[in-house]
Every structure is written in C-alpha cells, then in structure tokens.
Amino acid sequence: MGGCFSKPKPVEVKIEVVIPEKERSKEEMSPNGKASPLIYKVNGTARHYHLEEHSIASNPYHNPKDVVEASVCHVKDLENGQMREVDLGCGKALLIKESGEFHAVGHKCPHYGAPLVKGVLSKGRVRCPWHGACFNIGTGDIEDFPGLDSLPRFQVKIEKEKVYIRASKQALQTQRRTKMMAKCISLSNYNLSSTNVLIIGAGAAGLVCAETLRQEGFSDRIVMCTMDRHLPYDRPKLSKSMDSHPEQIALRPKEFFCTYDIEVLTEMQVAAVDVKSKIAVFKDGFKMEYNKLLIATGNTPKTLSCKGKEMENVFNIRTPEDANRVVKLATSKNVVIVGASFLGMEVAAYLAERAHSVSLVELEHVPFKKFFGERVGRAVMKMFENNRVKFYMQTEVSELREQEGKLKEVVLKSGKVLRADVCVVGVGAVPATGFLKQSGINIDSKGFIVVNKMMQTNIPGVFAAGDAVTFPLALRNNKKVNVPHWQMAHMHGRIAALNMLAHGTEISTVPYLWTAMFGKSIRYAGHGEGFDDVVIQGDLDELKFVAFYTKSDEVVAVASMNYDPIVSKVAEVLAAGRTIRKRDVELFVRHGKTGDMSWLTGKGT
C-alpha cells in the first residue's frame, strides 16, 4: 500500500481547529472573554474542540512591511458594473464598482491565470473568461469551478474622491488564497480500519469534497483512496500538455495533505462495498469502516476489440506515465489515433509537430459532430488537416499488426493499412462502477450511479460525484444527465461535502468545458444533448465564431472560438435561470455587432 500516509498507528487525541473567520464571528464568547468550545458529533459521540486563545486582529496585515497602499483612480472613473485592472507598484489588483460600492480582489484567475478584467461581472461575482470559474467580489471566495483556490481580497477606502487600495505584497504576487480549514496537529484516537469519511477516488470531485469538509470546520478523519500511484493531479493536462511530469500537474503538494490531515491511500482499489455494515473491502483484503462515503471513481476507457489490441505501444491515456511515454515513443515516428474524441483530438494536436505522421481514425464522417455539430466539426477538421493530421473517416480498426512484438501497422476495415509505431485509443469510456453491482446502490442501465440534487444515492450516508453519476440538471428541467466535465466534478464534490454535513444544498450550476488544440481553445457552456439546430455568428474559416445550440425555440448551449467572453456571458444568463430564445440569437446574428443583445444583459426574456 502506498500514499501520502502509510497506515498510521493510533495516537492520543491532540487536535487544533482553525475555523474560517466567518465562523469565528458566530461563536459566542464565554464570560471570561475566551471563545467557547466548538462541539462536533462524530458517530454519535460529542467531541469538544477549543479555538486558539488569541484575539482576532482587526488589521488583517500582520507585517506592516508586507503592505502597500496606493491611490488607483478617482471615484468617478468607474461606472457601476465596470472593472479595471490597477497597478499598485508591486503587483496588480482588480478594482470593481457595483451598486455604488468599490471592491478589490486578485486580478488573475487562480486556475490558469486568465485576466479577470476580461471576464463577466454579474450580481456580486466575476466569472473567468476562459474556463468559467466564479468568484465573489466581496470576499474573493470561489463559488463555481474549475480550480481550488479563491482570490485574495484587498481593502478599499475613499478619501477626497480618490480610491485607495491597501494590499499584502505577497497576495499581489501570488494572486491566490487558500480558504482557511480545520487543521489537525495529530490524528485523533481511531481504529486503523475505521474512518468518518471515506472517499473512493482522488480526482477533482474527491479532492474538492475533502477540502470543503475541512473548510466547513469538519475535523475528524478523512481518507481518500485511489488506484493511481499519484496524489490528485490536473487530469485534463494529460492530453493537452502530454510531457508534463506528475509533480508539475499536482493539484496540491504532499505537504498540503499532511497539514490538513487528508489521508491519501494510493494504489488501493476498492473491490466491494457493504452498505449495511458500512464497510469498504479492498482488493488486497483490507477492510475499512466508514460513517459517510463518497464514490468518485470516474470512468474506465474503452479498449479496442480487434486482434492485436494487447500488444506493446498501444495506449489508453490514463496516467502521466502513459502520456509521457506516448510523447517519447511518438517523436519522429508514425502515430495512429483511434477515435476523434476530445482526448483523441487533443493528443493528435499535441503530437502533430513532434511525430513524423499523425493519422486519426473515426467512425463518424466529421469529428465532434454530436457535440459541436457538423459545421463546427468541419472547421475544426480543416484546422487539423492544415497541421498535417490525416483523417480516415467512417471506418474502424480491424487489426493491429506487430513485428518482433511491437506495433507495426494498423489495418482498417476499409482495407487501408497505416504505418504505426504508436497507437492511442480514445473511443470513449464507461463508468468505473462494476464493484458496486451487488451493493444495493442504484445504478442505471449504462452503469452510472443515480443521485439526487444533493449528490445522495438511494443509500443513506452514501454520496457519489463526478463522471460516474447521473444527476438532475436544473438547466434542462431536472433531467437526469451525465456530464463528464472537469468543472462539474469540482461542483459535485463540493455539494456532496456540504450535504454530508447536512446543509441541504442542491446543485445549481451551468456545465462549462474547454478544449485546446494548436494554441486555440473552444469554450462551451450549457448542455446541448439533443440539439436540433445551430445558429452561428462569425467566420468558421477564420476560426472566430460563436455557435448557439438550440432545441425547439430555446438555446441550450453555446460554443465559441476567439470570441471571448461570450460563453461566460451566456453561462451567467443561464445560471440566473433566464431563457435565451432562438429568435433572439438569430436577430443578433442577422445584424452582427449592431444586433439587440438585451438577452445577454438581463433586460430581455
């Protein structure tokens, strides 16, 4: 068994809890002026935890040398609803004016560093223009994903009609803030084979669940287990940045897990779950009791069914090692990619300049047809062809041939034979839920775990999140859907954690994804499954466009390339529960930039 922690020995109780300021302020003070103890009930047993006995300083900047204060503008320089990036000399901040009040927060999205001044401001939050993460302008807290960290918040004051910002130099430089969490100095006295919260899976959903529990003050044992050999990492980069090493794409460093007592058991596979006894049985026979369970196992890639599928140099990209090895083997060699999926297309784009040749085999006649539609799919296909990627459409692989034990050729059902030193398979995936078949947990005909709006399964105390679930999507009238997006996994994890703590929080978010190819990104928001028409504004040949996906008279999704921040604008409209009508976007397209855009500003339907 591997992991951040080996199997620990039971130790005496010694716990320090660091509670978010908003929670501290709620605590009643005892007559002697010291904070009253917090009481948590764990497994029915009341445990008392005392806060650190020091006063809460009114000045958040403990080191005066770390503080900078600067005049950044006149009060009349900004209108309501405007944002401005301002320079404080040793770093920048985002100044915002909304409802007559000024706010200042970090100017870069902590996820990938997008300039938030180019994002969308709406009702007290700013949405990232690149990937849709949302931040509260008053607190800097992250409210929608992707990403783990919040924005630093800076003090704003008005003197003689001038706006001043007071900020920590360190915060200006880092442009991120990790929310305060409950913190255990040492593990509480526990049975080795028992935990309060067990999280199966260490992807985005599992990690956000664990972090949210700690942020909400939960200070009992949390164990995450994963079949992977690594701590949680940025999985989308496996196909977008294939030569990244595990430590480069880690979501949190090892020290983070140790500091906040989040145990991660790596290379550990759960073989079965007994929901009556609340026991998870591992493949090696080890058993662990739990009080609350989150299942976030993601999916398992499909494999080819043809002859030769098991030979060397045939890959599913599942780990950083897989991605690294493909890059190494593909350099100056012949690569065949099976499946024009997001993974297949991103891998093809990444290898196009490195390999001698890249061939892509796909059953459909246009890539992304079901997701982006035929016209957008053809435009993307043309971009790939202009970058030396050769497509073999409306066919599939019949055989993989070897020479001296290694891949040599890929034979297609059309009769074409392709030279191949490396083959990457990206033909879809199935939910990794086979170990739950006899558990009593409700699983649908496709293998997805069925959950409600609070990410609860049909079994009390058992939650599920991420790519392996179907859940009610408010955007589509609570239709049960599967949304295998990185952003959605984050939100699932947060909602599951809040409801483990009995908050009664329902999921309400707009799906948001992106794909990156040849230095260009397609952004997408909504849920376009079953769309019946696509309304396009812009120039597909120039790869500068926005596509609105409609069903009957309603816009259900939007995609764009080189058209920021329109996808984030549409996401905000949909998040507010407003409907965008097909006739509105058709009018917008017909009149171009002069068209009526009230449907984007909230003044329309």
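Residues numbered from 1 in each chain as written. Predicted model: local features only at pLDDT ≥ 70, side-chain atom pairs only at ≥ 80, totals over all residues. Heavy atoms only, no water.

The protein is annotated in an unreviewed UniProt entry as Apoptosis-inducing factor 3 of Zonotrichia albicollis. What UniProt states about the protein under its Function (unreviewed entry) heading is, verbatim, "Induces apoptosis through a caspase dependent pathway. Reduces mitochondrial membrane potential." For the protein, the Sequence similarities (unreviewed entry) comment in UniProt is given as "Belongs to the FAD-dependent oxidoreductase family." (UniProt positions renumbered as here; feature names shortened; annotations may be inferred.)

Engineer: Where do I start with the overall build of the protein in this structure?
Structural biologist: Each helix and strand in the protein was counted, giving 13 helices and 38 strands. The buried share of the protein, reckoned over its 605 residues, is 53%. The contacts of the protein with a sequence gap of at least 6 include a subset with a gap of at least 24, amounting to 61%. In the structure as shown, the protein presents an accessible area of about 27,300 Å², 46% of it carried by carbon and sulfur atoms. (Helix = DSSP H or I, 4+ residues; strand = E, 2+ residues; numbered from the N terminus. Buried < 20%, exposed > 50% of the residue type's maximum accessible area, 1.4 Å probe, protein only. Contact = heavy atoms within 4.5 Å. Areas by Shrake-Rupley, 256 points an atom, 1.4 Å probe, with all protein chains shown as cover.)

Engineer: Mind showing me how you'd approach the environment of Asn-334 here?
Structural biologist: Its place among the elements puts Asn-334 in strand β22 (residues 334-338). A C-alpha to C-alpha distance of 4.8 Å links Asn-334 and Ser-357, two positions 23 residues apart in sequence. Side-chain polar atoms of Asn-334 contact the side chain of Ser-357, separated by 2.7 Å. (Polar contact = N/O pair within 3.5 Å; in protein donor to acceptor, adjacent residues only side chain to side chain.)

Engineer: Would you take a moment to explain the nonpolar core for this structure?
Structural biologist: Across soluble globular proteins, nonpolar side chains show a tendency to be buried alongside one another. Judged by nonpolar contacts, the single largest core of 101 residues is most densely connected at Leu-198, Val-273, Leu-294, Ile-295, Phe-471, Phe-548 and Ile-566. A per-element tally of this core places helix α10 (residues 486-500) first, with 8 residues. The next biggest cluster of nonpolar side chains, apart from the first, holds 52 residues, and it includes Met-242, Phe-368, Phe-384 and Ala-547. (Core = buried A, V, L, I, M, F, W, Y, C linked by side-chain atoms within 4.5 Å.)

Engineer: What am I meant to see in the packing of aromatic side chains here?
Structural biologist: The geometry of two aromatic rings is summed up by the distance between their centres and the angle between their planes. Under the definition given, this model contains 16 aromatic pairs. For the pair Phe-256 and Phe-257, a centre-to-centre distance of 5.7 Å together with 85° between the ring planes defines the contact as edge-to-face. Take Phe-256 and Phe-257: they sit in the same class, and that class is buried. Relative to Phe-372, the ring of Phe-342 lies with its centre 5.8 Å away and its plane at 85°, an arrangement referred to as edge-to-face. Taken together, the positions of Phe-342 in helix α7 (residues 342-351) and Phe-372 in helix α8 (residues 369-372) put the pair 30 residues apart, joining distant regions of the chain. Phe-342 gets classed as partly exposed once you look at its relative accessible area, which sits at 24%. On the accessibility criterion, Phe-372 (0% relative accessible area) is buried. (Phe/Tyr/Trp six-rings, centres within 6.5 Å; stacked < 30°, edge-to-face > 60°.)

Engineer: Help me out: how do you make sense of the sheet that holds strand β6 (residues 92-98) in this one?
Structural biologist: Through backbone hydrogen bonds, the strands of a sheet pair up, either in parallel or in antiparallel fashion. Ordered in space as β4-β13-β12-β7-β6-β5, the 6 strands form an open sheet in which the pairing is antiparallel. With one partner strand each, in any of the chains shown, β4 (67-74) and β5 (82-87) form the two edges of the open sheet. For this sheet, the mean inter-axis angle between neighbouring strands, taken without regard to orientation, is 30°. (Pairing = 2+ DSSP bridges. Axes fitted to C-alpha atoms, helices over the stretch in contact; angles between N-to-C directions.)

Engineer: Would you mind going over unusual backbone geometry with me for this structure?
Structural biologist: In terms of backbone geometry, most residues other than glycine have negative phi values and most peptide bonds are trans. Cis geometry is found at the peptide bond from Phe-145 to Pro-146, where omega equals 20°. In this structure, Pro-146 sits in the loop between β11 (142-144) and β12 (153-159). Residues Asp-564 and Pro-565 are joined by a peptide bond in cis, for which omega reads 0°. Among the structural elements, Pro-565 can be located in the loop between β38 (554-561) and α11 (566-575). Phi angles above zero are rare outside glycine, and Asp-261 is one such case at about 50°. With respect to the helices and strands, Asp-261 occurs in the loop between α5 (254-259) and β16 (262-266). One non-glycine residue, Asn-478, adopts positive backbone phi at about 65°. Residue position: Asn-478 is located in the loop between β32 (469-473) and β33 (479-481). Owing to a relative accessible area of 35%, Asn-478 belongs among the partly exposed residues under this scheme.

Engineer: What exactly am I supposed to notice about the sheet that holds β33 here?
Structural biologist: A sheet is described by the order of its strands in space; here 3 strands give the open sequence β30-β32-β33, paired in mixed fashion. Two strands lie at the open edges of the sheet, namely β30 (449-450) and β33, each paired on one side alone. As defined by bridge partners, β30 adjoins β32 across 2 bridges and the pair is classed as parallel. Paired with Ile-449 across the two strands is Val-469, which belongs to β32.

Engineer: What is the right way to read the pattern of salt bridges from this model?
Structural biologist: Once their charged atoms are close, side chains differing in charge can pair, the charge on each being opposite to the other. Tallied over the entire structure, the rule returns 26 salt bridges. Note that Arg-378 and Glu-374 form a salt bridge whose closest N and O atoms lie 3.3 Å from each other. Here Arg-378 pairs with Glu-374, and both are found in helix α9 (residues 374-385), just 4 residues apart, close to one helical turn. Accessibility expressed as a relative area gives 34% for Glu-374, which makes it partly exposed. The closest approach of N and O atoms between Lys-382 and Asp-541, which form a salt bridge, is 4.0 Å. Separated by 159 residues along the polypeptide, Lys-382 in helix α9 and Asp-541 in the loop between β36 (533-539) and β37 (544-551) bring together distant segments of the chain. Residue Lys-382 is classed as partly exposed on the basis of its relative accessible area, which comes to 43%. Where salt bridges share partners, they join Glu-69, Lys-157, Glu-159 and Arg-166 into one cluster. (Salt bridge = Lys/Arg side-chain N within 4 Å of Asp/Glu carboxyl O.)

Engineer: For this particular structure, what's the right way to read helix α3 (residues 204-215)?
Structural biologist: For an α-helix the count is 3.6 residues per turn, leaving residues at separations of three or four pointing the same way. With 12 residues, α3 should cover 16 Å at 1.5 Å per step; its first-to-last C-alpha distance of 16 Å lies within 8% of that length. The buried fraction of α3 amounts to 12 of the 12 residues, a majority that puts the element mostly inside the structure. Within the span of α3, buried status applies to Ala-204, Ala-205, Gly-206, Leu-207, Val-208, Cys-209, Ala-210, Glu-211, Thr-212, Leu-213, Arg-214 and Gln-215. Contact partners of the buried residues in α3: β14 (194-200), β15 (222-225), α5, β16, β19 (287-295) and α10. Of the residues flanking the end of α3, it is Gly-217, one or two places downstream, whose phi is positive at about 95°. (Expected span 1.5 Å × (residues − 1).)

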